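Below are the chains, spelled out letter by letter.
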Amino acid sequence: MQKKMEDHLRQKYAPGFYAGTTICNEILKFIFEFYEEGLNRLLPNIATSRWVGEILFQNEEAGKASRAFKLGELADDDSNYWQETGPKIQQSLDLICEKLAEIGETDKVSGLWQTQIPDFENVLLCAEKCVEYANVSNHTFMVAPNATSIKINAVGEDPYFEHVVDDLNHDLMADYHRQNRKEVTLREQYLEKSFDPFDHQYHAKVLNEPFCKVFGITYTEFQALVTAAPANMEKIESHKKAPMCLKDHLLTNLAAYYGFPFESVNAVINNLILDKSIPRQVWNSRQYNRINKRPFLEFQSKGRTVIMWSHKKVEDYLTLLDSELAFNKTPHGWKHKPLTDAISEIARNAGKWFERSVIAQLEKLGFSGRSIKDKTFNKFPDIKFECGEIDYLGYHAATKCLAIFEFKFFETGFDARGIRQVKSAFLEGDDAYVPIFEKKIAWINNNLSFIKSYFEAEHHIQIPCNLHDLKSTFITYYPTPLNLFFLNPRCKSLVQFVEDFQTKELWPY
């Protein structure tokens, strides 16, 4: 397959150095299309329940490895390997599941499964390469258009193809990934313990009534329904253990067991079945018709409609759902006003919780201050406060540091679309976070004398008359990749800021 790819590439592109986002993307898409064609051509040859079961089993194994990696339980060599290849392996397995679901049939081909092994291996290769080149192309186009280049070497040279990202961009992305991995086990210690905006039981309190209005069952009952099938099946310890249920039997049994209306069970489960009429777009990592968001696969098998799934993917779906609700994302099929209003309430409370958590940490570090609202200066008619609310303005007496903070409970991402979404929210347009924050910074600087007198009179916080340097930073829930695009004002996660301040014992930036 690799030799065929090299021959295919050389038919159109001569050896040489290629730079610039247009030509680089053209070459990357050309390679991607070769592997996508191979994937689409070979997949029908393994469209059997045996191979679907194998992919679902591999998904379970990849999930175990991913969890062990995040918890630091892997040996160094295994950890390094998983860090480099793990996400690509998981995305490749997901893609194969999604593509097989598009075919929609198992037992499509006959013959001994042993004779299908070469096709299966090439399917794995093609899927992995599709994911790799889609990701690289997206990064080139959306994130670092001026930081990538391609070199096609002469015939006989190894490797024949090289894609290069400049050192700075590469190092910044590596730092971003490293910080995210680090914070998985640290973040919780910096957050308020009395409330968890990602908790499905809290979500149920808000969603039960509106969910019942829309679907005929409560959100708590929906959670029970989704977890029931995996909970009552054996662990998937081999391809033979991959669950396969007749769809009608599954829906009827779930409705009877819980006493739910069949129409409700049918509606919520169908909403979680991959829709084979919507083609999987590998380059679109935010597509809703994906196995992480619709974890049940529907096939025709021997004239019957069956459902198959990976327990790990159902678990991933529920985890992702908890996160999306906290970040005000409406799941597919939920766009009904009672539900969207309830999701907005969850997200508002999540944002307030994060603000409380950050302020508590700032005060532990020694800051004294407050938020500034539209009405804070009402009794000072000469003061025109028109820059928008300030999340926190604080003074650190030990280091004589006055700082303005903007808190963002904001979802980020490792994929190019997620990174571009962050860039857009912070930087693009007059209503982006950075220009709005800069207006607040300017207002404080222009009214510094008043702020000093106000803090002393109203809050007994004495700021030295000769202090003229205002510090500033965004504080985010997750680390962001914004160092790729700008440095000032700074943007740090809560964990980063607290650790940096504690390390230097003064303003760290």
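Before any of the text, the structure's been laid out above.
Being a predicted model, the structure only gives us computed values, none of them experimental.

(A) Region of the structure containing unusual backbone geometry. The omega torsion across Asp158 and Pro159 is 0°, close enough to zero to call that bond cis. Relative to the elements of secondary structure, Pro159 occurs in the loop between β2 (148–152) and β3 (161–165). Within the chain, Asn328 stands out as a residue other than glycine whose phi angle is a positive 65°. One can find Asn328 in the loop between α11 (311–326) and α12 (337–365). Unlike most non-glycine residues, Glu505 shows phi in positive territory, near 60°.

(B) Summary view of the pattern of salt bridges. Evaluated as defined, the whole model comprises 27 salt bridges. Across the salt bridge formed by Arg50 and Glu54, the nearest N and O atoms sit 3.3 Å from each other. In this pair, Arg50 and Glu54 are both assigned in helix α3 (residues 49–70), four residues apart and thus about one turn of the helix distant. For the pair Arg50 and Glu54, a shared accessibility class is recorded, and that class is buried. Here Lys329 ties to Glu411 by a salt bridge, and the two come within 2.5 Å at their closest N and O atoms. Of this pair, Lys329 sits in the loop between α11 and α12 while Glu411 sits in the loop between β9 (401–408) and α13 (416–427); the two residues are 82 residues apart in sequence, bridging distant segments of the chain.

(C) Looking closely at the packing of helix α8 (residues 219–231) against helix α9 (residues 247–258). Remark: α8 packs on α9, axes separated minimally by 11 Å, with the N-to-C direction vectors making an angle of 120°. Considering their axes alone, α8 and α9 lie oblique with respect to each other. Judged by the sense of rotation from one axis to the other, the crossing of α8 with α9 is right-handed. Judged by residue contacts, Ala224, Leu225, Ala228 and Ala229 of α8 engage Leu250, Leu254 and Tyr258 from α9. When the residues that make up the contact of α8 with α9 are grouped by side-chain class, the tally is seven nonpolar, no polar and no charged.

(D) The sheet that holds strand β11 (residues 490–493), seen in detail. Reading across the sheet, the five strands line up as β7-β8-β9-β10-β11 and stay open at both edges, with mixed pairing between neighbours. The open sheet has two free edges, formed respectively by β7 (367–372) and β11, since each of these has just one partner strand. Going from strand to strand, the sheet's axes swing by 30° on average, the running direction of each strand aside. Note that β7 and strand β8 (residues 390–396) share five bridges and pair antiparallel. Looking across to β8, one finds that Ile372 is bridged to Ile390. Where helix α15 (residues 448–459) meets the sheet, it contacts β7, β8 and β9, and its direction lies at approximately 105° from that of β7.

(E) The arrangement of empty space enclosed by the protein in detail. Counted according to the given criterion, the structure contains one cavity of 30 Å³ or more. Roughly 40 Å³ of internal volume is contained in the largest cavity. Contributing to the lining of the largest cavity are Glu98, Ala101, Glu102, Leu274, Asp275, Lys276, Ile278, Pro279, Arg280 and Asn289. For the lining of the largest cavity, the class distribution of residues is four nonpolar, one polar and five charged.

(F) Broad picture of α13. A rise of 1.5 Å per residue sets the reference length of α13, with its twelve residues, at 16 Å; its end C-alpha atoms lie 16 Å apart and thus fit the reference within 8%. Burial in α13 covers these residues: Ala416, Gly418, Ile419, Val422 and Phe426. Here the buried residues of α13 occupy an arc of 165° about the axis, which is enough to place them on one side. Residues of α13 that are buried make contact with α5 (117–143), α6 (167–183), β9, α14 (433–446), β10 (470–476) and β11. Gly429 sits one or two residues past α13 and shows a positive phi near 100°.

(G) The side chain of Glu183, seen in detail. For Glu183, the position within the fold is in helix α6. Leaving out residues up to four positions away in the same chain, Glu183 has contacts with Tyr477, Pro479, Ser493, Val495 and Gln496.

(H) Seen up close, the packing of aromatic side chains. Per the stated rule, a full pass over the model turns up 56 aromatic pairs. Look at Phe380 and Phe450: their rings are 5.2 Å apart centre to centre, the planes differ by 75°, and that puts the pair in the edge-to-face class. With a gap of 70 residues between them, Phe380 in the loop between β7 and β8 and Phe450 in helix α15 connect regions that are remote in the sequence. According to the relative accessible area criterion, Phe450 is buried, its value standing at 14%. One aromatic cluster is present, built from ring pairs that chain together Phe198, Phe327, Trp353, Phe354, Phe409, Tyr477 and Tyr478. Taking the ring centre of Tyr433 as reference, the NZ or CZ of Lys408 above it sits at 3.9 Å.

(I) Looking closely at the state of the cysteines. According to the stated counting rule, one finds zero disulfides in the structure shown. No disulfide involves Cys130; its nearest neighbouring cysteine sulfur is the one of Cys126, lying 6.5 Å away.

(J) A look at the nonpolar core. Core analysis: the largest hydrophobic core is formed by 66 residues, its most contacted members being Phe222, Trp334, Phe354, Phe367 and Phe405. For this core, the leading source of residues is α12, giving ten residues. Each residue touching Phe367, except ones within four places of it in the same chain, is listed here: Leu362, Tyr392, Gly394, Tyr395, His396, Cys401, Ala403, Phe405, Phe497, Phe501 and Trp507.

Basis of the calculations
Residues numbered from 1 in each chain as written. Predicted model: local features only at pLDDT ≥ 70, side-chain atom pairs only at ≥ 80, totals over all residues. Heavy atoms only, no water. Helix = DSSP H or I, 4+ residues; strand = E, 2+ residues; numbered from the N terminus. Salt bridge = Lys/Arg side-chain N within 4 Å of Asp/Glu carboxyl O. Buried < 20%, exposed > 50% of the residue type's maximum accessible area, 1.4 Å probe, protein only. Axes fitted to C-alpha atoms, helices over the stretch in contact; angles between N-to-C directions. Parallel < 35°, antiparallel > 145°, perpendicular 65-115°, else oblique. Left-handed = near helix turned anticlockwise from the far one by under 90°. Contact = heavy atoms within 4.5 Å. Nonpolar A, V, L, I, M, F, W, Y, C, P; charged D, E, K, R; others polar. Pairing = 2+ DSSP bridges. 1 Å grid on protein atoms, 1.4 Å probe; cavity = no way out; pocket = protein on both sides within 12 Å on 5 of 7 lines; lining within 4 Å. Points joined across faces, edges and corners; volume = space filled by probe spheres on them. Expected span 1.5 Å × (residues − 1). Arc of directions from axis to C-beta. Phe/Tyr/Trp six-rings, centres within 6.5 Å; stacked < 30°, edge-to-face > 60°. Lys NZ or Arg CZ within 6 Å of the ring centre and 35° of its normal. Disulfide = S-S within 2.5 Å. Core = buried A, V, L, I, M, F, W, Y, C linked by side-chain atoms within 4.5 Å.

Geometric descriptors of this kind do not, in isolation, establish any biological role.
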